[in-house]
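Architecture and fold: a report
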Amino acid sequence: RDVTRDLQGTVSSQGTQRPMSGKETSKLQSFLQNHEVSAGEDLDARLLSGTSRPKAQDKGKIYKYHEINVFKFVFSWEGTVFRGTWLETILAVLVAVVLTLVVHFRGEPDWLKLNLDGHKITIIPIGFLLVIRTNLAYGRYWEGRSLIGTLMFNTREIASKARTFVVDGEGGAATAASLRANVLRLVAAFLILVRHHLWRTKSGGLEELEDLLTERERHFLTTTTANRPMVVITWLRDVIVSINEADHFCNTYGLRSVDRNISGLLNSWMGMAKITTTPFPFPYAHMLRVFIYVWVVTLPWAMVNSMGWVTPMVTAFVAFSLFGINTVGEELEDPFGEDHNDFDLVAFENVLLEDMQHIRTAV
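Residues numbered from 1 in each chain as written. Predicted model: local features only at pLDDT ≥ 70, side-chain atom pairs only at ≥ 80, totals over all residues. Heavy atoms only, no water.

**Some details on unusual backbone geometry**
- At Arg200, a position not held by glycine, the phi torsion is positive, near 60°.
- Along the chain, Arg200 turns up in the loop between α8 (172–199) and α9 (215–222). (Helix = DSSP H or I, 4+ residues; strand = E, 2+ residues; numbered from the N terminus.)

So this is what it looks like as C-alpha cells:
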C-alpha cells in the first residue's frame with residue numbers, strides 16, 4: 001500500500017503529501033530556465049543519432065581473432081607486435097649478418113670472442129623487468145574494463161530510476177518529463193565528455209554536444225578547459241536536487257539511490273583517468289629497453305663462432321620475442337588510447353544511449 005501511495009502522488013519525508021513551497025517552486029523554475037530541454041519525441045533522436053556524433057569507432061578496434069582464419073590471424077599486421085618490433089628486429093639481423101660475414105671471410109678476430117654462457121646470465125634482469133612490465137600492463141587493462149562495466153551499470157541504473165522513481169507530483173506531468181529528460185541528456189553528455197577526456201582531444205568533444213546541451217551550457221564549457229565531465233556531474237546533481245525539492249521523487253530512497261549512482265559515474269571516470277595519466281614508471285621502461293637493445297645487439301657476438309650462418313635467423317627470432325613482449329606491455333598499459341587493441345568506447349557509448357532510449361519509452 002505504501003508503494004502504491006508513493007507512486008500515485010508526491011510525498012514528504014514523513015510519507016504525507018504536501019504542495020511545493022514558493023521557494024521550492026522558484027528554485028525549480030530557475031533550474032529549468034537555465035537548463036531547458038524539450039522532453040518530446042526529438043529527445044530519442046538526439047540521444048541516438050545526434051547530427052555531430054560519430055557513427056562508428058575510429059580509435060580502438062579490438063580484434064575478434066576467433067572469427068578470422070588461421071592464415072590471416074598469423075600474418076596480421078594491424079593490432080599485432082609486428083608494427084612495433086620490425087625496425088628493431090631488422091637492425092639486430094643486420095648486425096648479425098655483418099658479424100657472420102666478418103667471421104666467414106676474415107676468420108675470428110679477437111674482439112669477437114664473447115663467452116656464450118656469460119651472455120646467457122645477463123638475460124635474468126631483462127626477464128625480471130619484462131615480467132613486471134607485462135603483469136602491470138595486463139592488470140591495468142582489466143582494471144579499465146572493470147571501470148567501463150561500472151560506468152555502464154551506473155548509467156543504466158540512473159536511467160531506470162529516473163523512469164521509475166520520478167513521478168508527476170505537484171509540478172505536473174510536463175515538469176516531471178522535463179526533469180527526466182534533463183537526467184538522460186546530461187548522462188549522455190557526460191559519456192561523450194569522458195570519452196574525449198580519455199582520448200585527450202583538443203576540442204574536448206564540444207562539437208558533439210550541440211544536440212544535448214543548451215547554448216548557455218555549451219558556452220560555459222568553452223570557458224572550462226579541464227575536467228568538463230565534473231561540470232556535467234554537478235549539473236546532474238542539480239537536477240536530482242530539483243527533483244527532490246519539488247517532491248517529484250516517489251520516496252526518499254530515490255534521492256539517495258540515484259546519488260550513489262552518480263558517485264559511481266564519477267568514481268569510474270576518475271579510475272579511467274588515473275590509468276591514462278599514470279604511465280609505466282620511466283626508469284623501469286628506460287632500463288628495460290636499454291637492456292634489451294644491448295643484449296640483442298651483443299647476442300650475435302656470442303653465437304657467431306658456434307652457429308655460423310644460422311646466427312641471423314636465431315637473432316631475428318630472439319629480437320622479435322623480446323621486443324614483442326615489451327611492445328605488448330606498451331599496448332595494454334593504456335586501454336583507452338588510440339591503438340587497435342584499446343577499448344571501443346564509442347561502441348559502449350552507443351549501447352548505453354540505446355538502453356536509455358528503450359528505458360525512457362518502456363511501457
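**Here's the deal with the packing of aromatic side chains**
- Scanning the model with the defined rule gives nine aromatic pairs in all.
- Taken together, a centroid distance of 6.1 Å and an interplanar angle of 55° make the contact between Phe220 and Trp235 tilted. Pair noted here: Phe220 is in helix α9 and Trp235 is in helix α10 (residues 228–245), with a separation of 15 residues, a long-range link.
- One aromatic cluster is present, formed by Tyr138, Tyr141, Trp142, Phe336 and Phe343 through successive ring pairs.
- In this structure, Arg133 is placed above the aromatic ring of Phe280, and the distance from its NZ or CZ to the ring centre is 4.5 Å. (Phe/Tyr/Trp six-rings, centres within 6.5 Å; stacked < 30°, edge-to-face > 60°. Lys NZ or Arg CZ within 6 Å of the ring centre and 35° of its normal.)

**What to know about empty space enclosed by the protein**
- According to the stated counting rule, one finds three cavities of 30 Å³ or more in the structure shown.
- By volume, the largest cavity amounts to about 130 Å³.
- For the largest cavity, the full set of lining residues is Ile148, Leu151, Met152, Leu191, Val194, Arg195, Leu198, Met272, Leu345, Phe348, Glu349 and Leu352.
- Going through the elements one at a time, α7 (123–165), α8 and α14 (345–360) are the ones with two or more residues in the lining of the largest cavity.
- Within the lining of the largest cavity, the residues separate by chemical class into ten nonpolar, no polar and two charged. (1 Å grid on protein atoms, 1.4 Å probe; cavity = no way out; pocket = protein on both sides within 12 Å on 5 of 7 lines; lining within 4 Å. Points joined across faces, edges and corners; volume = space filled by probe spheres on them. Nonpolar A, V, L, I, M, F, W, Y, C, P; charged D, E, K, R; others polar.)

**What about α14?**
- With 16 residues, α14 should reach 22 Å at 1.5 Å per residue; the first-to-last C-alpha distance of 23 Å fits that figure.
- Those residues of α14 that fall on the buried side of the exposure criterion are Leu345, Val346, Glu349, Asn350, Leu352, Leu353, Met356, Gln357 and Ile359. (Expected span 1.5 Å × (residues − 1). Buried < 20%, exposed > 50% of the residue type's maximum accessible area, 1.4 Å probe, protein only.)

**Some words on the confidence of the model for the protein chain**
- Per-chain confidence: the protein chain averages 81 in pLDDT, with 79% of residues scoring 70 or above.
- Between the elements of the protein chain, mean pLDDT differs from a low of 32, seen in helix α1 (residues 2–8), to a high of 94, seen in α7.
- Scored below 50 in pLDDT, residues 1–20 shows 35 contacts in the model against residues more than four places distant or in partner chains. (pLDDT = per-residue confidence, 0-100. Contact = heavy atoms within 4.5 Å.)

**Points about the layout of surface pockets**
- Taken as a whole, the second largest pocket holds about 170 Å³ of empty space.
- Lining the second largest pocket, in full, are Leu193, His196, His197, Arg200, Thr201, Lys202, Gly204, Thr225, Ala226, Asn227, Arg228 and Pro229.
- Contributing elements (two or more residues each) for the lining of the second largest pocket: α8 and α10.
- When residues of the lining of the second largest pocket are assigned to their parent elements, the largest contribution, three residues, is made by α8.
- Per-class residue counts for the lining of the second largest pocket are three nonpolar, six polar and three charged.

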